[in-house]
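Each chain is listed here by its residues.
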Amino acid sequence: KEKLHLSSIKENQILSPISGVVYEIGYHAGDVVDEDKKIISILERDSLYVEVNVPEILIKDIRIGTKVIFTPLADWRKEYKGIVTHISNMVITKDNEAFFPVKVELAEKDGFLVPFLNGKAKFFKS
């Protein structure tokens, strides 16, 4: 009951301290809220990044700071420049393919980019 008096709860609304995109909802209408279960997940638009699965055989050419161009599948005319900011220390194997997850921070962002957007990444050798 004490939690109902938080500044983040106003009548039947939950107020977020950040603006962003809701990408996961933990409840449906009529569900009883449990304090151990997350209500929603919000992703800040300014923190959008691209995660690319780079085949194991190609990882030798990729470094932190490597330049990248991301082209979204939803509109091949759009291109976003970015750089590699993280390379996983672990190989992931799925469907008999081995790859490294690589995080790419995008320099420019617009309203077109949304969470979980698919696309193609082109890496440039340094």
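Here the structure is a predicted model, which is why all the values come from computation and not from measurement. Sequence order as written defines the numbering, with residues in each chain counted from 1. Confidence filtering applies because this is a predicted model: local features only for residues at pLDDT of at least 70, side-chain atom pairs given and counted only at 80 or more, and all residues used for totals across whole chains, interfaces and linings. Where side-chain values are given, they derive from all heavy atoms of the structure, hydrogens and water being excluded.

A count of helices and strands for the protein chain gives zero helices and ten strands. Secondary structure elements of the protein chain, listed N to C terminal, follow the sequence β-β-β-β-β-β-β-β-β-β. Buried residues are those whose accessible area, probed at 1.4 Å on protein chains only, stays under 20% of the maximum for their type, while exposed residues exceed 50% and partly exposed ones sit between those limits. Per-residue burial for the protein chain yields a buried fraction of 23% across its 126 residues. Nonlocal contacts in the protein chain, meaning residues at least 24 apart in sequence, comprise 55% of its contacts between residues at least 6 apart. The protein chains shown are the only cover counted for residues, whose accessible areas, like all others here, come from Shrake-Rupley with a 1.4 Å probe. Carbon together with sulfur atoms contributes 53% to the accessible area of the protein chain, which is approximately 9900 Å² in total. Secondary structure elements are defined from DSSP: runs of H or I of at least 4 residues count as helices, runs of E of at least 2 residues count as strands, and each element is numbered from the N terminus. Between two residues, a contact is recorded if the distance between any of their heavy atoms is within 4.5 Å.

Turning to the layout of surface pockets, a few remarks are in order. The space that makes up the second largest pocket amounts to roughly 550 Å³. What lines the second largest pocket is a set of 20 residues, among which Tyr49, Val50, Glu51, Phe116 and Leu117 lie closest to the centre. Elements with a contribution of two residues or more to the lining of the second largest pocket: strand E5 (49-55) and strand E10 (119-124). Here the lining of the second largest pocket gets five residues from one element, more than from any other, and that element is E5. Ten residue types, Ala, Val, Leu, Ile, Met, Phe, Trp, Tyr, Cys and Pro, are classed as nonpolar, four, Asp, Glu, Lys and Arg, as charged, and the remainder, Gly among them, as polar. Of the residues belonging to the lining of the second largest pocket, the class tally is 14 nonpolar, four polar and two charged. With a 1 Å grid spanning the protein atoms alone, the term cavity applies to any set of points in which a 1.4 Å probe fits but cannot get out, the term pocket to an open set with protein on both sides within 12 Å along at least five of seven lines, and the term lining residue to any residue with an atom within 4 Å of a point. Grid points are joined across faces, edges and corners, and a volume is the space filled by probe spheres set on the points.

Moving on: the nonpolar core. As used in this record, nonpolar core signifies buried Ala, Val, Leu, Ile, Met, Phe, Trp, Tyr and Cys residues forming a set joined through side-chain atoms within 4.5 Å. Counting 16 residues, the largest nonpolar core has Ile59, Val84, Val102, Val104 and Leu106 as the members making the most contacts within it. Those elements giving two or more residues to this core turn out to be E5, strand E6 (67-72), strand E7 (80-87) and strand E9 (97-106). With four residues, E9 is the largest single contributor of residues to this core. Once residues lying within four places of it in the same chain are set aside, the contact partners of Ile59 are Val54, Ile87, Phe100 and Val102.

What follows is about the packing of aromatic side chains. Each aromatic pair joins two rings of Phe, Tyr and Trp (for Trp, the six-membered one) with centres within 6.5 Å, and gets the label stacked for planes under 30 degrees apart, edge-to-face for over 60, and tilted for any other angle. What the rule picks out here adds up to zero aromatic pairs. We call a charge positioned above a ring when the Lys NZ or Arg CZ atom is no farther than 6 Å from the ring centre and deviates by at most 35 degrees from the ring normal. Over the ring of Tyr27 we find Lys37, and its NZ or CZ is 4.6 Å from the ring centre. Taking NZ or CZ as reference, Lys103 lies 4.3 Å from the ring centre of Tyr49, over its face.

Turning next to the pairing of E9. When DSSP finds two or more bridges between two strands, those strands count as paired. Here seven bridges tie E5 to E9, and the two strands are oriented antiparallel to one another. Bridged to Pro55 within E9 is Phe99. Across five bridges, E7 lies against E9 in antiparallel orientation. Paired with His86 across the bridge in E9 is Lys103. Relative to E9, strand E8 (residues 92-94) runs antiparallel, the two being bridged by three bridges.

The next point concerns the environment of Ile14. Examined against the element boundaries, Ile14 turns out to sit in strand E2 (residues 13-14). The exposure class of Ile14 is exposed, given its relative accessible area of 52%.

With that settled, the discussion passes to a nonpolar patch on the surface. On the surface, Ile14, Val22, Ile25, Val33, Ile39 and Ile40 cluster together into a nonpolar patch covering about 520 Å² of accessible area. Its location among the elements puts Ile25 in strand E3 (residues 21-25). Residue classification places Ile25 among the exposed residues on the basis of a relative accessible area of 60%. Within the patch definition used here, like charges are joined within 9 Å and nonpolar side chains (Val, Leu, Ile, Met, Phe, Trp, Tyr) within 5 Å, considering only residues with over 30% relative accessible area and no salt bridge. Any carboxyl oxygen of Asp or Glu within 4 Å of a side-chain nitrogen of Lys or Arg constitutes a salt bridge here.

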